[in-house]
Amino acid sequence: MIAGCPESTKLCVDFDLVWRRAVGLFCLSLAGLVGGCSGGSSGSAPTVPTAPTAGPAVTISGASQARLGSVVQLTATVSNTSNTAVSWQVNGVAGGSSAAGTISAAGLYTPPIAIPSPNTVTITAVTQATPVASASMVESIMNPLPVVTSGSATPGLSATSFNLDLVGTGFLATSQLQVAGSTVSSMFVSSTELRATITLAVNTAAVAVVVTNPDPGGSVSASVQVTVAKTSLTAAARLLDQATFGPTPTDIEHVQQVGLSGYLSEQFAVPTTLLPNITTPPPTICATNLLPCEQSEWWQTVLTGQDQLRQRVAFALSEIFVVSTNSVNSRAVTTYHNTLANDAFVNFYTIMQDVTLSPAMGAYLNMLNSNKPGTVNGVAQIANENYARELMQLFTTGIYMLNPDGTLQLDGNGKPIEVYTEAQVQAFARAFTGWTYAPAAGVTSKFTNPANNTAPMVGIESAHDMTSKILLNGTSMPSGQSTSQDLSGALTNLFNHPNVGPFICKQLIQHLVASNPSVAYVARVSAVFANDGAGKRGNMRAVITAILSDADARAGDTSPNFDGGHLREPMLYMTNVMRGLGFANKDVAAGNDVVANASYNTVGNYTSPLGEKPYSSGSVFNFFPPNYVIPGTTMNAPEFAQENTASAVLRLTLANTLVYNGVSGFTVDLSKASALGITASKTGVAATDAGNLVDSLAVIFMHGQMPLQMRTAIVNHVATLTDPAQRVRVATYLVITSSFFKVEH
Amino acid sequence: MRVNRRSFIRDASLAAAGNAAGLRPFGALNSLAQGAADYKALVCVFLFGGNDSNNTLVPFDTTGYANYEAVRGPLALPQTGTGGLIQLAQAPNFSLNPNLPDIAKLFDSKVAALVTNVGTLIAPTTKAQYQAGGILPTNLFSHPDQQLEWQNASQSAATSTGWAGRIADTLTTSYNPGGQVPMITSVAGDTLFCNGAASTPVSVSPGNLGGAACGEGATECAAQQATAQALLQFDSGLSLVQADNTITSNAYNYAKVLTAATSSVPALQTVFPANNALASQLKQIAQIIQVRAALGVSRQIFFAGIGNFDTHSDELSLQGQLLASISPALAAFYQATQELNVSNNVTTFTMSDFSRTFQPNSNTGTDHAWGAHHIVLGGAVKGGQMYGTFPTLKLAGPDDSGTNGRWVPTTGSVQYAATLAQWFGVTSSQLSAIFPNIGSFPTTNLGFV
């Protein structure tokens, strides 16, 4: 059961509190400087000369009103002596005090934090020349002028409830907030931030907001129009969980502002973060083995790239069109990743073609240098069947005939119907003969060319089987065709097979949204694969949009009990936690050099014990099979193939490493002074602190949907701890080791 | 749909069939000392990807070798000289891959046997029946399907239980009534082989037997773990969350049991080869066998395995390296069972997706085939012998399902499995429930153990 609304309402507030705190402090210091330049009233204050006529005399000039948070520059003018230095006092205390305000040797007066009672202080300048003379003035301490610089209103947990968040300067605990002319109760976060939960009519586009500070010095801010966002925190965070390598507080807020479809449109337009080619000779970290450079580039890109959706889809594609650095050159894999990322939103045929001709896949499944059948040194050899078989079995059609909703077609005896025969495997194998590496510039191409890991393979006609081939559905490819003609004929035959839509779309849904999509969900997406609405088959942008926008994908935005989701595989678990907690790379030497940043290259060392590193599957069957069923159940759940009593313990160890800041080359701040740490020790009341902390974590890792029972258990546990940093560590550990987080839903 | 909470015995009523006492998944530690005589273990070593049997066990007589060499061409192993085949003293017309010297020694010392041309079959099948499209296993030549069918004893790949899991369903109550861990342990992740209708395995990561690391102080670590475990007891109402709660809860429990059982036992003296994945797995298995009494088990099945046998190219080199890692790993494991005085109680056997085409492809590799040869090892094995029928190594010959040397198996993998199961303790009356197809075969016991 999921917690009721009150907790979740509070979640939003505390979430923003935590993550705005750093900004707030920054604004505060700025406000101090600016205030010093513009605050206070002008004119000279009356002064009272007390010196004898023949000795030194002094007068004070400067503003007689000081506003909290602003400074006032006072000037002492000394006459009848060459020593014009003075000492300053506030209420008779040299240099002043925290209660009455302080004054520097140069006469810069800083008011106290709060209005003193009464709200006046006496400032005195005393000459250093003798006989001593002094002058005094009365300074009135006033409340600051409130200024609203920006605001946001984001949906709460009911249709008319919104979370208002104002940023500005001069805010007080006693500031009064008016929204659309009505006074509402507000929560003071800091002098630069105010919060409120407000009620607005459905479809309100914007509201006017005014902040009023009370006397002394009472004043009213200018009115500011705040745009009302349409998207709830839960919906925003869930979309990010499905479409990126992990929600961050900043991204959640952004999606709330631009909406789900707005975010997808933005992401479709972001250019590919290309992994740089590994140079020759390679950088130091991969001088003897190219793998660290490939790993480094991948981790940095998925953790920090702006093209999150593209990279997430490319990741899904990389677990369907599997190649592995276990046997493939890392330069080729780097190029291959760029191919998948570039093609992620284009057309499925483009993906098929680019994958087929990539040197990485060529090398991995042996289409590279596969010669036509023939006799070599008296020994008859057959065309290599590897790529032909797996292209059908894994990348396009699958083994059995499918209905458009992904279910099996059955024959008259209730048996599934095989898509292809061994003879058809061999026909495709012959169609794909004659391909080798692209030649170096200026070098004549031959069968076989030396390694070229970055350019698409080229066809050599003399090594190509030119006999006719019978493809799927009995389609005949005539004899005498070239490498390219046979390739395009074979790929077109597969691309148009009706299985491709349901076979591929179901897997993409499983990778992005849910292990067990309803047949109706699969049918809706595969219909888009068949026709994007403009008559085009295989439009990937349309398919991705359909997957992420589907009613089944979005149901959990408003129905926490909607059953679905999928286990976070180890690499996504790692990126989710690192992005959510704000792990920062500290490889100063390498800086932004994506290739040479040795720290990113070692991230995979933490997921490897759980069975995964980027592009390192043990076979073309990926780290887990799409049709895996959890033992003892009928639940299809691919990622669970890697979840067992051994890996579950190893994941606990990984969680401990993460909360103990143990990821080499990275740092995460979970200290008392960190954003979460401030929450953990904000009130000085253990139970309240723990609740705020857990609510903040629930936003980051559970879309603000932590079940009440879980929240209570974690809060009760954390409240027994006194060290704020330990509270943060332990609460985070308990959240990220829970199955409720491990299973993204 | 909701998943039921399950321990390693998911459904006591199923597992307890035939035993009214039912089950105690986490019963009190069995205080009965268990001597080796009460103990039996099966150890499966799965060679993922399809090991090429044609270059594992090779004819050595003049005619046989010449025929082999003529077809294999660039893939033919030299008969003699450096890197030459190892002739078997106990079967002089045959030889092993030069990277299997330990297996040859174990064979010749009669603790290892070879079972030839075994494959997935629903019933005995001739070449003619195959070509006529008879009753055949589904998706021959497909890796995942054939892996699953070896593991479930030639059921359809959709069958949700493996034959070891079904043995555990049947025998756990009678043999491991006080077991602290499931009958089956996997050191190579989750596989169908280990799953029964009511049984799930304990998975162990080799070398990581204990619990999770914890950086807090001892008191807080204990408290933190208690809370983390408590969170797993909450009913989220979400199927996958519940499923993961169960797995993770079991993980905590098994880690605790295994840590306690292994905390004060002497280290094995047997030296296992370093940097050898299979050796690490087998060493872990030996260590668990060592503490069998503390675990309260008298019957155990282990699953180990390594991959990369899918040698579509560069086969001589790739397969050679793999076999060179298997040979010393199996030898060390056998030695460890001797050290533990259980060498007659532990039987190790190989399985693999399928064998590979006798005819090479154009990348000095081979493609997916069918019937394969397998190794069985242990003191109980009637070793030094070959079992089954060695195929006629002729393209389009009497054993070739087509023209590329994909041998139609002459022994069913279900017979191979049933033979091992009977040694383990499965009675003839229990056999057909565990191996539904066994009745279609003329013999249920191949006699190699």
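Residues numbered from 1 in each chain as written. Chains lettered and ligands numbered in written order. Predicted model: local features only at pLDDT ≥ 70, side-chain atom pairs only at ≥ 80, totals over all residues.

This next bit is on the overall build of chain B. Looking only at helices and strands, one finds 13 helices and twelve strands in chain B. Over its C-alpha trace chain B gives a radius of gyration of 22 Å, about what one expects of a compact globule, namely 22 Å for 449 residues. Overall size of chain B, expressed as C-alpha extent along the three principal axes, is 70 × 45 × 40 Å. Expressed as a percentage of its 449 residues, the buried residues of chain B come to 59%. If you take every contact in chain B between residues at least 6 apart in sequence, the share linking residues at least 24 apart comes to 74%. (Helix = DSSP H or I, 4+ residues; strand = E, 2+ residues; numbered from the N terminus. Rg over C-alpha atoms; globule rule 2.2 N^0.38 Å. Buried ≥ 20, exposed ≤ 12 C-beta atoms within 10 Å, placed from the backbone. Contact = placed C-beta atoms within 7 Å.)

Moving on: the overall build of chain A. The secondary structure content of chain A amounts to 25 helices and 30 strands. Along the first, second and third principal axes, the C-alpha set of chain A runs to 125 × 55 × 50 Å. Residue burial in chain A is summarised as follows: out of 745 residues, 57% are buried. Partitioning the contacts of chain A with sequence separation of at least 6, the portion at a separation of at least 24 is 65%.

Let us look at the sheet that holds strand β4 (residues 91-96) of chain B. Residues and elements named next belong to chain B. Read from one edge of the open sheet, three strands run β2-β4-β3, paired in antiparallel fashion. Edge positions in the sheet fall to β2 (57-59) and β3 (86-88), since each has one partner strand and no second. Averaged over all pairs of adjacent strands, the angle between their axes in this sheet comes to 40°, without regard to strand direction. Here β3 pairs with β4 via three bridges, running antiparallel. When the bridges of β4 are listed, Q87 appears paired with S95. (Pairing = 2+ DSSP bridges. Axes fitted to C-alpha atoms, helices over the stretch in contact; angles between N-to-C directions.)

Right, let's talk about helix α12 (residues 483-495) of chain A for a bit. Residues and elements named next belong to chain A. Relative to the 18 Å expected for 13 residues at 1.5 Å per residue, α12 spans 18 Å between its end C-alpha atoms, a close match to the ideal helical length. Looking only at α12, the buried set comprises T483, D486, L487, A490, L491 and L494. What you see down the axis of α12 is that its buried residues fit within an arc of 125°, all on one side. (Expected span 1.5 Å × (residues − 1). Arc of directions from axis to C-beta.)

With that settled, the discussion passes to the confidence of the model for chain A. Per-residue confidence for chain A gives a mean pLDDT of 90; residues scoring 70 or more make up 91%. Counted against residues more than four places away or in other chains, residues 1-46 of chain A, with its pLDDT under 50, gives 92 contacts. (pLDDT = per-residue confidence, 0-100.)

The next subject is the confidence of the model for chain B. Residues and elements named next belong to chain B. A residue-level look at chain B finds 92% of positions with pLDDT of 70 or above and a mean pLDDT of 91. Low pLDDT, under 50, characterises residues 1-35; the predicted model gives this stretch 64 contacts beyond four residues in sequence or across chains. Scored by ipTM, the complex comes to 0.89, with pTM at 0.82.

Attention now moves to the sheet that holds strand β7 (residues 96-97) of chain A. All names here are of chain A. Across the sheet, which stays open at both edges, the four strands sit in the order β3-β9-β8-β7 with antiparallel pairing between neighbours. In this open sheet, the two strands that pair with only one neighbour each are β3 (72-73) and β7. Across two bridges, β7 lies against strand β8 (residues 101-103) in antiparallel orientation. From the neighbouring strand, G96 faces β8, where its bridge partner is T102.

This brings us to the interface of chain A and chain B. With 63 residues of chain A in contact, the opposing surface of chain B contributes 65 residues. Those elements that place two or more of their residues in the side of chain A that touches chain B are β22 (379-381), α10 (386-396), β27 (566-567), α20 (645-659), α23 (708-718), α24 (724-736) and α25 (739-742) of chain A. Taken together, the residues that form the side of chain A that touches chain B break down as 31 nonpolar, 27 polar and five charged. (Nonpolar A, V, L, I, M, F, W, Y, C, P; charged D, E, K, R; others polar.)

Counting buried positions along α10(A) yields eleven of eleven residues, so the element is predominantly enclosed. Looking at the packing, one finds that the buried side of α10(A) touches α8 (348-357), α11 (422-431), α12 and α13 (500-512) of chain A.

As a further point, take the environment of A:A201. Structurally, A:A201 is set in the loop between β17 (193-199) and β18 (206-213). Placed 40 residues apart in sequence, A:A201 and A:S161 show a C-alpha to C-alpha distance of 8.7 Å.

Further remarks concern the packing of α20(A) against α24(A). Residues and elements named next belong to chain A. Where α20 meets α24, the axes come as close as 10 Å, and the angle between the chain directions of the two elements is 150°. At the point where α20 passes α24, the crossing takes the right-handed sense. Between α20 and α24, the contacting residues are A655, N656 and V659 on the first element and R729, T732, Y733 and I736 on the second. Looking at the contact of α20 with α24 residue by residue, the classes come out as four nonpolar, two polar and one charged. (Left-handed = near helix turned anticlockwise from the far one by under 90°.)

The next thing to look at is the pairing of β17(A). All names here are of chain A. Strand direction decides the pairing type here: strand β13 (residues 161-169) and β17, joined by seven bridges, are antiparallel. Each bridged residue has a counterpart across the sheet, and for L164 the counterpart in β17 is A196. Here strand β16 (residues 187-190) folds back onto β17, and the loop between the two strands holds two residues.

Residues and elements named next belong to chain B. With eight of eight residues buried, strand β5 (residues 112-119) is to be regarded as a mostly interior element. The pairing of β5 with strand β10 (residues 372-377) spans five bridges and is antiparallel. Looking at the pairing, A112 lines up with L377 of β10. Relative to strand β12 (residues 411-412), β5 runs parallel, the two sharing two bridges. When the sheet's bridge partners are listed, V118 is paired in β12 with T411.

Turning our eyes to something else, we now look at the nonpolar core. Counting residues in each nonpolar core, the largest one holds 293 residues, and the members touching the most others are A:I547, B:C44 and B:A304. The residues contacting B:A304, other than those within four sequence positions of it, are B:V43, B:C44, B:V45, B:V187, B:A188, B:L278, B:Q281, B:L282 and B:I285. Judged by nonpolar contacts, the second largest core, of 25 residues, contains A:V58, A:V71, A:I103 and A:Y109. (Core = buried A, V, L, I, M, F, W, Y, C linked by C-beta atoms within 7 Å.)

Let's shift gears to the environment of A:G474. Residue and element names in this part refer to chain A. Looking at the secondary structure, you find G474 in the loop between β25 (469-470) and β26 (476-477). Taking the number of C-beta atoms within 10 Å as the measure of exposure, G474 has 7 and is therefore exposed. C-alpha of G474 to C-alpha of A463: the two residues are eleven residues apart in sequence and 25 Å apart in space.

One can find A:R67 in strand β2 (residues 65-67). When the C-alpha positions of A:R67 and A:N449 are compared, they lie 79 Å apart, and in sequence the two are 382 residues distant.

What follows deals with unusual backbone geometry. Residues and elements named next belong to chain A. For the peptide bond that leads from S117 to P118, omega is -5°, which places it in the cis range. P131 follows T130 through a cis peptide bond whose omega is -5°. Mapped onto the fold, P131 is located in the loop between β10 (120-127) and β11 (134-142). In the Ramachandran plot, A180 falls in the positive-phi region, its phi being about 50° despite a non-glycine side chain. Tracing the sequence through the fold places A180 in the loop between β14 (176-179) and β15 (182-184). You will see that N661, though not glycine, has its phi angle at about 55°, which is positive. Considering the arrangement of structural elements, one finds N661 in the loop between α20 and β29 (666-667).

A word on the packing of α24(A) against helix α7 (residues 218-231) of chain B. Packed helices, taken two at a time, are described by the angle their axes make and the gap between the axes. At a minimum axis separation of 9 Å, α24(A) and α7(B) run at an interaxial angle of 30°. Of the two elements, α24(A) crosses α7(B), and the hand of that crossing is right-handed. Only B:E220, B:Q224, B:T227, B:A228 and B:L231 of α7(B) make contact with α24(A), whose side of the interface consists of A:V730, A:Y733 and A:L734.

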